[in-house]
Amino acid sequence: MPASVVLGAQWGDEGKGKLVDQLAQESNWVARFQGGNNAGHTIVLGDQVLKLHQLPSGLTNPDCQLVLGAGMVIDPWVLEEELNKWKESSGESPEGKRLWISERAHVNLPFHRLYDGADVKIGTTGRGIGPTYRDKIERVGVRFCDIEHRRTDDEWLQENAGRMTSQLTAHGVSGSISASDLKESLDWVAARFGNAIKPTGLMLDLALRQGENVLLEGAQGCLLDIDHGTYPFVTSSVTSRANATHGVGIHPGHIGEVYGVVKAYTTRVGHGPFPGELFDDVGAYMGKMGHEFGTTTGRPRRCGWLDLVVLRHAQRLNGFTQLTLTKLDVLGGLDELEIVVGYDLDGQFLSEMPVCSEDMAKVKIVTEKVPGFPHIEMDEWLEMARDANENGKGYSALPDGAREYVEKVEAMLGVPISSVGVGPDREATIYKV
Ligand code: IMP
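Residues numbered from 1 in each chain as written. Predicted model: local features only at pLDDT ≥ 70, side-chain atom pairs only at ≥ 80, totals over all residues. Heavy atoms only, no water.

> Looking at this model, I keep getting lost on the nonpolar core. Mind explaining?
Here is a general trend for soluble globular proteins: nonpolar side chains tend to be buried in one another's company. Counting residues in each nonpolar core, the largest one holds 76 residues, and the members touching the most others are Leu216, Leu328, Leu331, Tyr343, Leu398 and Tyr405. The dominant element in this core, judged by the number of residues it contributes, is strand S16 (residues 334-345), at seven residues. Setting aside its immediate chain neighbours within four residues, Leu216 contacts Ala3, Ser4, Val5, Val6, Ala31, Phe33, Ala244, Thr245 and Val248. Grouped together as the second largest cluster of nonpolar side chains are 47 residues, Leu50, Leu109, Val189 and Val261 included. (Core = buried A, V, L, I, M, F, W, Y, C linked by side-chain atoms within 4.5 Å. Buried < 20%, exposed > 50% of the residue type's maximum accessible area, 1.4 Å probe, protein only. Helix = DSSP H or I, 4+ residues; strand = E, 2+ residues; numbered from the N terminus. Contact = heavy atoms within 4.5 Å.)

Here you go:
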């Protein structure tokens, strides 16, 4: 079986968790390939709300193997918290049984979080992601496979505690890291997760050769990609399809379906340009109806119209084979909707994103107006979804304005929208017929 990939097509928070959770029910493996606990996936299971940061969304399928891939930066202390919460609700401790940490993934240490906490420029999640990747690139990072060597190497411990403390001081952060702090941290990770550290690339390769179903779960979104996003207001990893296989240690030829997840409007957290951002009642309405607060930081998300310039960029990079449009219900109640079709930069029409953030911040949006549709209560959306799926009605079950919106976006992007999300519940999804 080929591997499938799920990716965010905007600035993250598109609702990937719900799709991955659905796909995970038929997957033997779900693997994350980049990022760390800057991600936040909310999964709603009846009246239970699960907030996952590092654990792959396939957690809810007890038959699914879970991998934290080589391209990730993993905070073991946050992983411990997530596992404790999962144990409380399910009774299960999957680590070392069906949860595997790549030996090549990097350890996000308390130092990295302390350092990132001083960020004011980018509006990071403050979770230590950038500093961990920076250490990886500087070739001073600690991979999970290195822990056994490092924790007994006094010279390394002294040298690195000194490096960390002087970097904190230079960055204006009070606090220091001693060699014994560092040793204690590494000893704890070794004791807690030693049995879960594995050659996960080999395991996934074998699984694929045995015909098993593998799902590669992206975090963040295309516009936060370190190479192709709105640099420097981006995350520190490659969020695209090209890194999905690389980040877990298998080759790109394994990829089959590539699901792009698109929120029916646009949101962004953190700083950086966002051309379609709305500062009016409509933006506030989207934020309120969509509960647009960051899963990881709780910060309110900035909201704006759906932006096709952004989505075309994401399509070129990722070659989505199908799209999932999420949170369409949130737009119900707005008289008129707008879709960003291009930008105006100093009087010049642009159909592609300007490369520099300064220009991206300056553009004015060019939109196409389309009719809105009424606000619908959640139980009615659920009933509509049930009727649409059980009776083969597909998108014809949607109210007129909503159906036209979906069809328009699909036609403008030239990629099939295979499902539409109309609420947070797993059942609140309408599938194309
Ligand atoms: P970092 O990934 O914590 O370094 O933050 C860099 C930028 O990416 C900031 O603008 C964050 O708000 C944003 N970011 C990181 N992770 C996510 C996510 O999962 N969803 C949305 N934005 C994110």
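After that view, the rundown keeps rolling.
> Help me out: how do you make sense of the pattern of salt bridges in this one?
Oppositely charged side chains may form a pair once their charged atoms are brought near each other. Counted under the stated rule, the structure contains 26 salt bridges. The residue Asp135 makes a salt bridge to Arg134 at a minimum N-O spacing of 3.6 Å. Look at Asp135 and you get buried, because its relative accessible area is 0%. For Asp187, the salt bridge goes to Lys183, with nearest N and O atoms at 3.2 Å. Of this pair, Asp187 and Lys183 both sit in helix H7 (residues 179-193), four residues apart, which is roughly one turn of the helix. (Salt bridge = Lys/Arg side-chain N within 4 Å of Asp/Glu carboxyl O.)

> Would you mind going over the packing of aromatic side chains with me for this structure?
What characterises a pair of aromatic rings is the spacing of the ring centres plus the angle enclosed by the ring planes. Enumeration according to the criterion identifies five aromatic pairs in this entry. With centroids separated by 6.1 Å and ring planes inclined at 85°, the aromatic side chains of Trp188 and Phe193 adopt a geometry described as edge-to-face. Residue classification places Trp188 among the partly exposed residues on the basis of a relative accessible area of 28%. Following the ring pairs from residue to residue traces out a cluster consisting of Trp77, Trp188 and Phe193. The cationic tip of Arg134 hangs over the ring face of Tyr115; the distance from NZ or CZ to the ring centre is 4.7 Å. (Phe/Tyr/Trp six-rings, centres within 6.5 Å; stacked < 30°, edge-to-face > 60°. Lys NZ or Arg CZ within 6 Å of the ring centre and 35° of its normal.)

> For this particular structure, what's the right way to read the domain arrangement of the protein chain?
One frequently used descriptor of interface size is the decrease in accessible area upon assembly of the parts. Here the protein chain is described as being made up of domain 1 (3-102 + 199-431) and domain 2 (106-196). The gap between the C-alpha centroids of domain 1 and domain 2 is 30 Å. Opposite the 34 residues of domain 1 that make contact, domain 2 presents 26 residues. Both faces combined, the contact of domain 1 with domain 2 buries some 2,500 Å², and carbon together with sulfur accounts for 59% of it. On the domain 1 side of the contact with domain 2, Val73, Trp77 and Ile101 bury the most area, a combined 24% of that side's loss. Our count for the contact surface shared by domain 1 and domain 2 stands at three salt bridges. A salt bridge links Arg192 to Glu80; the nearest nitrogen and oxygen atoms lie 2.4 Å apart. Between domain 1 and domain 2 we count twelve residue pairs in polar contact (both at pLDDT 80 or more) in total. For the side of domain 1 that touches domain 2, the secondary structure elements donating two or more residues are strand S6 (73-74), helix H2 (76-90) and strand S7 (99-102). The biggest single contributor to the side of domain 1 that touches domain 2 is H2, with six residues. Looking at the side of domain 1 that touches domain 2, its residues break down into 15 nonpolar, 15 polar and four charged. (Domains from an automatic or database assignment. Buried area = accessible area lost by both parts, 1.4 Å probe. Polar contact = N/O pair within 3.5 Å; in protein donor to acceptor, adjacent residues only side chain to side chain. Nonpolar A, V, L, I, M, F, W, Y, C, P; charged D, E, K, R; others polar.)

> When you look at the sheet that holds strand S9 (residues 197-198) in this model, what are you seeing that I'm missing?
Sheet strands pair via backbone hydrogen bonds, and the direction of the pair is either parallel or antiparallel. Spatially, ten strands are ordered S9-S7-S5-S2-S10-S1-S11-S15-S19-S20 in an open sheet, and the strand pairing comes out mixed. Because the sheet does not close on itself, it has two edges, and the strands there are S9 and strand S20 (429-431). In the sheet, S7 pairs with S9 via two bridges, with the strands oriented parallel. Within S9, the position partnered with Ile101 by the bridge is Ile197. Packing against the sheet, helix H1 (residues 16-24) makes contact with strand S1 (3-8), strand S2 (29-32), strand S10 (214-217), strand S11 (255-263), strand S15 (322-326), strand S19 (417-421) and S20, and its axis sits at approximately 165° to S1. (Pairing = 2+ DSSP bridges. Axes fitted to C-alpha atoms, helices over the stretch in contact; angles between N-to-C directions.)

> What should I look at first to understand the site of the ligand in this one?
Surveying the vicinity of the ligand reveals 15 residues, the closest of which are Asp13, Asn38, Thr125, Thr235 and Arg299. A distance of 2.9 Å is found between an oxygen atom of the ligand and a side-chain nitrogen or oxygen belonging to Asn38. Between Thr235 and the ligand, the recorded distance is 2.6 Å, taken from a side-chain N or O atom to an oxygen atom. For the ligand, whose unbound accessible area comes to 470 Å², protein coverage reaches 97%. (Near = heavy atom within 4 Å. Areas by Shrake-Rupley, 256 points an atom, 1.4 Å probe, with all protein chains shown as cover.)

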